[in-house]
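Inside the fold
Spelled out from the first residue to the last, the chains are:
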Amino acid sequence: MASSTDSNVKGENSQVSYKKYINTKTDRVLQSKKHANDIFDVIEYLQSEKDKEVIFATNACSKVFCQLFYRGDLYVGDLPEEEDLVNGDRSAEEKYRIFMRHRYSNCVELLLENIGHKAFQVKETSLCALMKFVAAEGKHPLQNLDEHYNFPRELLQTLVEHLLSEKEDMSLLISRFQEFLEMDDVRYYVMSSVRDNIYRVMGRNKKAVIPVYQNNVFTLLSTINVPSEASKMRHFLVRQDCKFEHKRAFEQMWLVFLKFKLPSNMYKKILVILHESIMPQMSDPTLLIDFLSAAYDIGGAISLLSLNGLFILIHKHNLDYPDFYKKLYSLLDPSIFHVKYRARFFHLVNIFLSSTHLPAYLVAAFVKRFARLSLTAPPTSLLILLPFICNLIRRHPSCRVLIHRPSTAEEPCDDPYVMEEEDPAQCHALESSLWEIKTLQKHYHPDVAKAAMKINEPLTEQEDDISELLELSTFELMERELKAERKTIPLEFDTATELLKSSREVLGVHFSLE
């Protein structure tokens, strides 16, 4: 135990004193086994109320125990209770190793507690120290493991549990942890640990939404990238002879996470990165079908983004999903012109309807639906919608009948198109015409009227580029109108030279200024 002299040293209140004190204790522990008890004083500082002292002590503990690993001074095997050392027949050397192994366990417990410390610098230092211990345990295992399988999974799994807090946002610390995920073995065992952790935590909470926890999981998952080829896996924290099935582990981790109900705002985060960051790294992306189907039922932007994922599965992974276009068709309602994801909506719909092999009735249904919606759409949306409709007709010449519908009667007739029909195959769009576009030729906004006039002329083969119009706002439209050059228009009037002097004005006839 610490002597009274030691207590006086520790009691000094200058910054230099605690550093000198910890350094002295650290050196004594490493220099002689008879000073083993001094490790208590160093570990005690891990619970200090002063952040600087905790950080300094953490680095000191890292130094001490990494040296003890290297020297072989930590007991290997199932750790006996400390109480058994008194009556046991063990040698002094073995007792020392058991004693220091217990102190190592105490140190690890406190460092794990400090992962939840209020100060980020303390969290970060604790994280780095623990990862040094992971590396040290890998090189000098504390258990009698298979020589080909000596990664300290238990320590890493416990660390992952603390990173995936249920009460505290750990996104900043997880971003710091990303550095260690560059190591192929660390990445693999983290993925396995996350998968098991999700099962345990979500199962314990009866599958209820846990926003903070699930956000931490998503933050960690979204930082993991799997090498495309096994031959590229050359970076290891601990040398391994076994092969890792990274894609399989990656796939299982994500599928378990997506299996449970998520906070509503998280669906969009996942769907945005799904096609670029998740699908390419999975062995069988079609296993995402359940998640995408559930996401579609949420509605709004999430439904559209889920269809994007389904579209990729259909075209790149041969997924059979016959209801895709029926689901897309059902999303077309007046709200699409007023939501903040309008640009993304039209961009994706343009991709979905890009194939020239789609049946004429299907394309006609979308054209007619857009045309009907155009009657109540704002000018900014109409300037996207009208060239978009023209592009669809260009791709599918069989839909030109909607423009050139022959009619023997001059009087208006009933439109056979059924707007309320959810099935595009049953809405009778091909039997209708684009009278709505004809109506828009008399729109109050001149740019809209001009765009609607294009159907009166033969459509060129070259499609209109609508990319610049996708983000067009009402303010930009007004600015463009105000900056447009105006021709001088002659008007029949007398230029006023004096107030109330024009003989052609009523005021000038009846009033005068004196």
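In this text the structure is predicted, and so the values were computed from the model without any measurement. (Residues numbered from 1 in each chain as written. Predicted model: local features only at pLDDT ≥ 70, side-chain atom pairs only at ≥ 80, totals over all residues. Heavy atoms only, no water.)

Digging into the overall build of the protein chain
- Assigned secondary structure in the protein chain consists of 23 helices and zero strands.
- By the burial criterion, 46% of the 514 residues in the protein chain qualify as buried.
- When the accessible surface of the protein chain is totalled, it reaches about 28,500 Å², and 50% of it is carbon and sulfur. (Helix = DSSP H or I, 4+ residues; strand = E, 2+ residues; numbered from the N terminus. Buried < 20%, exposed > 50% of the residue type's maximum accessible area, 1.4 Å probe, protein only. Areas by Shrake-Rupley, 256 points an atom, 1.4 Å probe, with all protein chains shown as cover.)

Thoughts on the UniProt feature "transmembrane region" (unreviewed entry) in the protein chain
- Those residues carrying the UniProt feature "transmembrane region" (unreviewed entry) are residues 291-314, 345-367 and 373-393 in this numbering.
- In residues 345-367, the share of helix is 70% and the share of strand is 0%. The end C-alpha atoms are 15 Å apart.
- Its end C-alpha atoms 17 Å apart, residues 373-393 is made of 76% helix and 0% strand. (UniProt positions renumbered as here; feature names shortened; annotations may be inferred.)

Description of the environment of Lys 95
- Relative to the helices and strands, Lys 95 resides in helix α6 (residues 92-114).
- The class of Lys 95 is partly exposed, set by a relative accessible area of 28%.
- Lys 95 sits 15 residues away from Pro 80 along the chain, and the two C-alpha atoms are 9.9 Å apart.

Notes on helix α11 (residues 211-221)
- Of all eleven residues making up α11, eight are buried, and the element is well covered by its neighbours.
- Every buried residue belonging to α11 is among Tyr 213, Gln 214, Asn 216, Val 217, Phe 218, Thr 219, Leu 220 and Leu 221, and all of these are buried.
- Against α8 (153-163), α9 (171-177), α10 (184-204), α12 (246-259) and α13 (264-278) lie the buried residues of α11. (Contact = heavy atoms within 4.5 Å.)

Section: unusual backbone geometry
- The backbone phi angle of Asn 318 is positive, close to 55 degrees, even though this residue is not glycine.
- Residue placement: Asn 318 occurs in the loop between α15 (300-316) and α16 (324-330).
- Phi is positive for His 428, close to 60 degrees, though the residue is something other than glycine.
- Mapping His 428 onto the fold places it in the loop between α19 (379-395) and α20 (435-440).

So, the nonpolar core
- The biggest cluster of nonpolar side chains holds 156 residues, and the ones touching the most others in it are Phe 177, Phe 257 and Ile 270.
- Here Phe 177 is in contact with Leu 127, Met 131, Leu 156, Leu 159, Leu 163, Val 190 and Leu 220, once residues within four sequence places are set aside. (Core = buried A, V, L, I, M, F, W, Y, C linked by side-chain atoms within 4.5 Å.)

Some words on the packing of aromatic side chains
- The tally for this structure, following the rule as stated, stands at 24 aromatic pairs.
- Pairing Phe 151 with Tyr 189 gives two aromatic rings, centres 4.4 Å apart and planes at 15 degrees, and the pair type is stacked. Taken together, the residues span a long stretch of sequence, with Phe 151 in the loop between α7 (120-139) and α8 and Tyr 189 in helix α10 at a distance of 38 residues.
- Classification of Tyr 189 by relative accessible area gives buried; the value is 4%.
- Aromatic side chains Phe 370 and Phe 388 sit 5.4 Å apart centroid to centroid with 85 degrees between the ring planes, which places their arrangement in the edge-to-face category. Here Phe 370, found in helix α18 (residues 360-373), pairs with Phe 388, found in helix α19; they are 18 residues apart in sequence, far enough to count as distant. (Phe/Tyr/Trp six-rings, centres within 6.5 Å; stacked < 30°, edge-to-face > 60°.)

A few points about the environment of Glu 461
- Position of Glu 461 among the secondary structure elements: in the loop between α21 (446-452) and α22 (474-483).
- Sequence separation of Glu 461 and Arg 395 is 66 residues, and the distance between their C-alpha atoms is 8.4 Å.

Structural notes on the pattern of salt bridges
- Under the criterion given, the structure shown has 19 salt bridges.
- Here Lys 25 and Asp 38 are joined by a salt bridge, their closest N and O atoms 3.3 Å apart. With a gap of 13 residues between them, Lys 25 in helix α2 (residues 15-31) and Asp 38 in the loop between α2 and α3 (39-44) connect regions that are remote in the sequence.
- One salt bridge in this structure joins Arg 372 and Glu 436, with 3.0 Å as the shortest N-O distance. In this pair, Arg 372 is assigned in helix α18 and Glu 436 in helix α20, connecting sequence segments 64 residues apart.
- One network of salt bridges, in which partners are shared, links Lys 25, Arg 28, Asp 38 and Asp 41. (Salt bridge = Lys/Arg side-chain N within 4 Å of Asp/Glu carboxyl O.)

What to know about the packing of α12 against α13
- The N-to-C vectors of α12 and α13 enclose an angle of 160 degrees; their axes lie 13 Å apart at closest approach. In terms of their interaxial angle, α12 and α13 are classed as roughly antiparallel. Considering how the two elements wind past one another, α12 and α13 form a crossing that is left-handed. Of α13, the residues touching α12 (which contributes Phe 250, Trp 254, Phe 257 and Leu 258) are Met 266, Ile 270, Ser 277 and Ile 278. (Axes fitted to C-alpha atoms, helices over the stretch in contact; angles between N-to-C directions. Parallel < 35°, antiparallel > 145°, perpendicular 65-115°, else oblique. Left-handed = near helix turned anticlockwise from the far one by under 90°.)

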